[in-house]
Amino acid sequence: MPSKSRKRGNNEGTIYKRPDGKWCAQITIGRSENGKIKRQSFYGKTRQEVADKLSKAQNGLRTGTLVEPNKLNLGKWLDTWLLEYKRNNIKPSTFERYESIIRNNLKPNLGSIPLKDLQPEHIQRTYNIMLKGDNKGSKALTPATIHRIHNVLHSALEQALRNNLITRNVSSVVVLPREIKKEAISLSIEDQKKFLLALDGERLRCAFVIEMASGVRLGELLALRWANVSLDKNTISIKESIRRTKNFDDSIETNTSLMFSTPKTRAGVRVIPLPPSAIEELREHRTRQNEEKIANKIIYEDNDLVFCSELGRAIDPRHFTKIFYRIRKKAGLNHFNFHILRHTYATRLIENKEGMKVVQELLGHSDVALTINTYCHVMPNVKKSAARKINFLFKNKLKPKIKNSK
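Residues numbered from 1 in each chain as written. Predicted model: local features only at pLDDT ≥ 70, side-chain atom pairs only at ≥ 80, totals over all residues. Heavy atoms only, no water.

1. Considering the overall build of the protein chain
Helix and strand counts for the protein chain come out as 14 helices and eight strands. Within the protein chain, the fraction of its 406 residues that count as buried is 40%. Taken as a whole, the protein chain presents about 25,100 Å² of accessible surface, with 51% of it coming from carbon and sulfur. (Helix = DSSP H or I, 4+ residues; strand = E, 2+ residues; numbered from the N terminus. Buried < 20%, exposed > 50% of the residue type's maximum accessible area, 1.4 Å probe, protein only. Areas by Shrake-Rupley, 256 points an atom, 1.4 Å probe, with all protein chains shown as cover.)

The structure is reproduced here in structure tokens:
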């Protein structure tokens, strides 16, 4: 027999323990057209767990935001999940990415399906169409993009499962397309020298030199502050990143703004040693920057940024990328993006016999496996060198005598 529920007032709900040991909470949410009382139930392992769920439901009932499970479609739930469960727990850039996936990929294809009626085949069919593109002009998406879409959907459905809105997460049985790992392309030594020569006369020459001497991400490069540069120890410390992010706050007039944030993972916070030539570039760059401060002292904004505009303001990564494209063209090099400079840095380290664990830490990868998988294509020469190192074991070895058979 279930334990007796504690007496509660009207619309306060009921909490009781079931025979199987689980706790249940119920709240009256209204009446149907024929006058029958409608209730919503919540389940959990502890009384406190269901009490918390009941409290949220009561608040939703008071504010008019509580939605009956049979009236809740996937689109509405995705919005609720993003705004109520994720917004305060993820970085603005991640929130922007999730919002874009929900708005552009999930809601147009699956949003109208009632949450409780969502089936694996609905999701599978959608992913298959995304992979090939449709006849309405939608371009085919890469397997990697579909994986990112799936991660958002799966996480949202996991929360719905915890909230007892669904009985299982149907996305768990969907078959995802196999991701094809792309080799990390890097510049040859000859092309790297061409790019360096093309930097002559460039105001932000030092930024590109530091990039090729450290392999930092673009946002990390443009967020670097002098407080995190040690010219005596020949190091820079990566503690921030900058990117242009969409604004979701109605009180802000602009659609986007430049935002500083900490690295995504603990590994992203790191100290990177620089070669002496790069440190000399930084010294010369600081001298020129101080001259700009004096020339524009009335309107100069000192944000302590190493790489900034003539007036001290942060540089938009998109604007910096345009400068990069112009220099690349000046160098007479084929099309490649800024990120290849990061790959080039890693490749040079590996070619010079640097260990993968060191490369991982310098790049700020969270796992050495990611580093190995990304740069395994540059390993053959390193492997050959390793084989040659043990060649001495087999030198001067007497060849076995072969007896002639008579």
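2. Side note on the pairing of strand β8 (residues 270-273)
What you see with β8 is a clean split: R270 and I272 sit on the buried side and V271 and P273 on the side with no burial. Where strand β5 (residues 235-238) meets β8, four bridges bridge the pair, whose relative direction is antiparallel. From the neighbouring strand, T235 faces β8, where its bridge partner is P273. (Pairing = 2+ DSSP bridges.)

3. Some remarks on helix α4 (residues 120-132)
Here α4 spans 19 Å end to end across 13 residues, near enough to the 18 Å set by a 1.5 Å rise per residue. Among the residues of α4, those classed as buried are P120, I123, Q124, T126, Y127 and M130. Projection of α4 onto a plane perpendicular to its axis shows the buried side chains occupying an angular sector of 165°, all on one side. Taken together, the buried residues of α4 touch α3 (92-110) and α5 (143-162). (Expected span 1.5 Å × (residues − 1). Arc of directions from axis to C-beta. Contact = heavy atoms within 4.5 Å.)

4. Concerning the sheet that holds strand β4 (residues 229-230)
Strand order across the open sheet formed by three strands is β4-β5-β8, with antiparallel pairing between neighbours. Whereas interior strands pair on both sides, the edge strands pair on one side only; in this sheet they are β4 and β8.

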